[in-house]
Amino acid sequence: MTDEYNALIDNKTWELVPHPSGINIIRSVWIFAHKENLDGSFARHKALLVGDGKTQQFGIECGETFSPVVKPATIRTVLSLALSNAWPIHQLDVKNAFLHGDLKETVYMHQPLGFRDPNHPHHVCLLKKSLYGLKQSPRAWYTRFADYVSTIGSTHSRSDNSLFIYRRGSSLAYILLYVDDIILTASSDALRQSIMTMLSYEFAIKDLGPLSYFLGIAVKRHSDGLFLSQRKYAAEIIERDGMSSYKSTSTPVDTKPKLSAAAGVPYEDPTRYRSLAGALRYLTFTRPDITYDVQQVCLFMHDPRFEHMNAIKRIIRYIQGTLDYGLHLYPSSTSTLVSYTDVDWSSCPDTRRSTSGYCMFLGNNLVSWSAKRQATLSRSSAEAEYRGVANVVSESCWLRNLLLELHCPIKKATLVYCDNISAIYLSGNPVQHQRTKHIEMDIHFVREKVARGHVRVCHVPSRYQIADICTKGLPSVLFEDFRDSLSVRRSPAMTAGVC
């Protein structure tokens, strides 16, 4: 506690002032935690002083609070590029990161318990820096960091505001910011050291070494590439909810008809259901094989039923049997984008809307995927499939722009594999008739990309349609085949080297 308090004082986080009358004073709270190593063993005790942001008054003590964070697809894309180019990948830590943000609003806080000034015990803290717990703290820290890296020559990515690109001649470096977690990769170790030095002029930066644990994701280097795993996080979900004794299953969902919003009786503990669904949602960062199943159970968080809870338990039973699985990234060509898109037409028993999904590969690495219920009703399977094609083409345009900013442009057309002949025909032929008027925008959008040579929509037999895993329950043999195609496999037996 003393170390934390001294750091706050050294940083000039506040100044003591007389208690103003008629002004809201937020509480100061000490948070105590045990920091753990990657293997779960105890590392150290940690004390953190936070402000009680729940009592802040919007428009007076805080304004805009949104703070961008780097997108998962951006992280996987940058890791894939760095791995393919054999760049060093390091993780950085900023000591008391939020305290670097400057407050624009006037915020008063009670003095910390145990550290009241003996000469002014009734004074309060007028905050000068963004303290942890304040609603605007993440935004203030992001603004401070973004402004500084701009002064050293880095540029914002327009595709992702939390990606910063540094270029000096033929040398390149990428900085990824997720709140106060930072990944730095550069084309040479000398450039990485140079950027570290420049950052250390402004912030208390610590190099944590080669990337090994980021956002709860373990990153292991093996002889063939990188292995991204959330094993520890998944095990905590299972243990926290007392499901360790459950029998594992080979697939996360059966092949029966879809769940209905009105199926069965309401579940007795909706808070537990929402907590589990949200936890599983984050697990899809490295587990595309459960994306569809998690998307389905998330549809019912407003009114969960026992059948929906049973579906969550089925997913957890599957995870229990595949704890050692994760996403593999390999060195590969970064000159091609290939995607697979599929739709389960009229699959929702309540609204008859379709479920669309896609998987996108940069070279041999899976970098983006999605499972989502379509926003509108489709009157034919061709219409539903075409909307799915439009979704993946939109994502490919974003990814192509991102790669262009990363100075790794894709010169070849993006291949989009679809198993619906009608959708493929519509994408390349300027035919308009009564059945296509209501999807005219999607048609023109895709056709324009096809005409410019940015996209080619090709046919793939249903047996090889990998995106099926994002739209429906599959038999175990087919599911395991598609899972392997997504590079979701067991942890390598041996790990060697560093990032």
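Structural data are supplied above this passage.
A brief structural summary. (Residues numbered from 1 in each chain as written. Predicted model: local features only at pLDDT ≥ 70, side-chain atom pairs only at ≥ 80, totals over all residues. Heavy atoms only, no water.)

## A look at the overall build of the protein
Test applied: Here a strand is any run of E in DSSP of at least two residues, a helix any run of H or I of at least four, and the numbering for each starts at the N terminus. Our radius of gyration is a C-alpha quantity, and the globule rule it is checked against amounts to 2.2 Å times the number of residues to the power 0.38. Type-normalised accessible area, obtained with a 1.4 Å probe on protein chains alone, sets the label of each residue: buried when under 20%, exposed when over 50%, and partly exposed for intermediate values. Accessibility throughout is a Shrake-Rupley quantity obtained with a 1.4 Å probe, and a residue counts as covered only by protein chains that appear here. Counting rule for charge: Lys and Arg are taken as positive, Asp and Glu as negative, and neither His nor the chain ends is counted. Throughout, a charge is located at the NZ atom of Lys, the CZ atom of Arg, the CG atom of Asp or the CD atom of Glu.
When its secondary structure is counted, the protein shows 12 helices and 22 strands. Here the C-alpha radius of gyration of the protein, 25 Å, is about what a compact globule of 499 residues would show, namely 23 Å. Dimensions of the protein, computed from C-alpha atoms along their principal axes, come out at roughly 80 × 65 × 50 Å. A total of 499 residues make up the protein; the buried ones form 52% of that total. As displayed, the protein has an accessible area near 22,800 Å², and 52% of this comes from carbon and sulfur atoms. Taken together, the 57 basic and 47 acidic charged side chains of the protein have centroids lying 4 Å from each other.

## Some words on helix α2 (residues 72-84)
The test is simple: What a helix should span is 1.5 Å times the count of its residues minus one.
Here α2 is 13 residues long and its end C-alpha atoms lie 18 Å apart, about the 18 Å a rise of 1.5 Å per residue gives. Summarising burial for α2: 11 of the 13 residues are buried, a large majority. When we look at burial in α2, the residues that qualify are A73, T74, I75, R76, T77, V78, L79, S80, L81, A82 and L83. Phi turns positive one or two residues past the end of α2, at A86, with a value near 60°.

## Focus on unusual backbone geometry
Phi at S346 takes a positive value of approximately 50°, unusual for a residue other than glycine. Looking at the element boundaries, S346 is found in the loop between β17 (337-344) and β18 (355-362). The backbone phi angle of H407 is positive, close to 60°, even though this residue is not glycine. Following the sequence through the fold, H407 ends up in the loop between α9 (381-405) and β20 (414-418).

## What about the nonpolar core?
Stated precisely, the cut-off is as follows: Residues belong to a common nonpolar core when they are buried Ala, Val, Leu, Ile, Met, Phe, Trp, Tyr or Cys residues joined through side-chain atoms within 4.5 Å. Any two residues whose heavy atoms approach within 4.5 Å are treated as being in contact.
Among the nonpolar cores identified, the biggest contains 97 residues, and Y174, I319 and L406 are the most heavily contacted of them. In terms of residue count, the dominant contributor to this core is α9 (10 residues). Look past the residues within four positions of L406 in its chain and what remains in contact with it is T77, V78, L81, L163, I165, L172 and Y174. With 29 residues, the next largest nonpolar core counts V50, L92, V94 and Y166 among its residues.

## Observations regarding helix α1 (residues 2-10)
Which entries qualify depends on this criterion: For this quantity, the arc is that covered by the directions from the helix axis to the C-beta atoms.
Three or more residues of α1 are buried, namely E4, Y5, A7 and L8. An end-on view of α1 places all buried positions within 160° of arc, on one side of the element. Opposite its buried face, α1 presents the exposed residues D3 and D10, each directed more than 90 degrees away.

## Some remarks on the pairing of strand β19 (residues 365-373)
Put simply, the rule reads: We call two strands paired when DSSP finds no fewer than two bridges between them.
The buried count for β19 comes to seven of nine residues, which makes it a mostly enclosed element. What sits between β18 and β19 in their antiparallel hairpin is a turn of two residues, with G363 showing a positive phi close to 65°.

## So, the sheet that holds β17
Definition in use: Here the axes come from fitting lines to C-alpha atoms, over the contacting stretch only for helices, and the angles between their N-to-C directions go from 0 to 180 degrees.
The strand order across the open sheet formed by five strands is β19-β18-β17-β20-β21, and the pairing between neighbours is mixed. Either end of the sheet is taken by a strand with one partner, and the two such strands are β19 and β21 (455-459). Averaged over all pairs of adjacent strands, the angle between strand axes in this sheet comes to 20°, irrespective of strand direction. Of the pairings in the sheet, the one linking β17 to β18 comprises eight bridges and is antiparallel in character. The residue of β18 that forms the bridge with L337 is L362.

## Focus: the state of the cysteines
Threshold: A pair of cysteine sulfur atoms is labelled a disulfide when the two atoms are within 2.5 Å.
Using the criterion set out here, one finds zero disulfides in the structure. The cysteine C397 is free of any disulfide, with C458 supplying the nearest cysteine sulfur at 16 Å.

## Re the sheet that holds strand β22 (residues 488-490)
Strand order in this open sheet of five strands is β13-β14-β15-β16-β22, and the pairing throughout is antiparallel. Strands at the two margins of the open sheet, each flanked by one partner only, are β13 (213-214) and β22. Where β13 meets strand β14 (residues 217-222), two bridges bridge the pair, whose relative direction is antiparallel. What sits directly across from F214, in β14, is I217.

## A closer look at the side chain of R483
This is how the line gets drawn: We define a salt bridge as a side-chain nitrogen of Lys or Arg found within 4 Å of a carboxyl oxygen belonging to Asp or Glu.
Its location among the elements puts R483 in helix α12 (residues 476-485). There is no salt bridge for the buried R483, and the closest opposite charge comes from E480, which lies 4.6 Å off by N-O distance.

## Overview of the environment of A146
Within the secondary structure, A146 sits in helix α3 (residues 137-151). Classification of A146 by relative accessible area gives buried; the value is 3%. Once you skip the residues sitting within four places of it in the chain, A146 turns out to touch H156 and F164.

## Thoughts on the packing of aromatic side chains
Quick note on the threshold: Only centres within 6.5 Å qualify two rings of Phe, Tyr or Trp (six-membered ring in Trp) as a pair; their planes then separate them into stacked at under 30 degrees, edge-to-face at over 60, and tilted for everything else. Counting as a charge over the ring demands two things of the Lys NZ or Arg CZ atom: a distance within 6 Å of the ring centre and an angle within 35 degrees of the ring normal.
Overall, the coordinates contain 17 aromatic pairs when judged by the stated rule. Pairing Y142 with F164 gives two aromatic rings, centres 6.5 Å apart and planes at 35°, and the pair type is tilted. Of this pair, Y142 sits in helix α3 while F164 sits in strand β9 (residues 163-168), and the two are 22 residues apart along the sequence. For the pair Y142 and F164, a shared accessibility class is recorded, and that class is buried. Each ring, one from Y340 and one from F361, has its centre 6.2 Å from the other, and the planes form 85°; the classification is edge-to-face. With Y340 in strand β17 and F361 in strand β18, this pair connects stretches of sequence that are 21 residues apart. Judged by relative accessible area, which is 16%, Y340 ranks as buried. By relative accessible area, which is 8% here, F361 ends up buried. Members of the aromatic cluster, joined through ring pairs, are W141, Y142, F145, Y148, F164 and F203. Lying across the ring of F285, R76 places its NZ or CZ 5.4 Å from the centre. Taking NZ or CZ as reference, R76 lies 3.9 Å from the ring centre of W369, over its face.

## Here we look at the side chain of S347
Positionally, S347 belongs in the loop between β17 and β18. Taking the relative accessible area as the measure of exposure, S347 reaches 10% and is therefore buried. Contact partners of S347, with chain neighbours within four places excluded, come to K258, R352, R353, S354 and T355.

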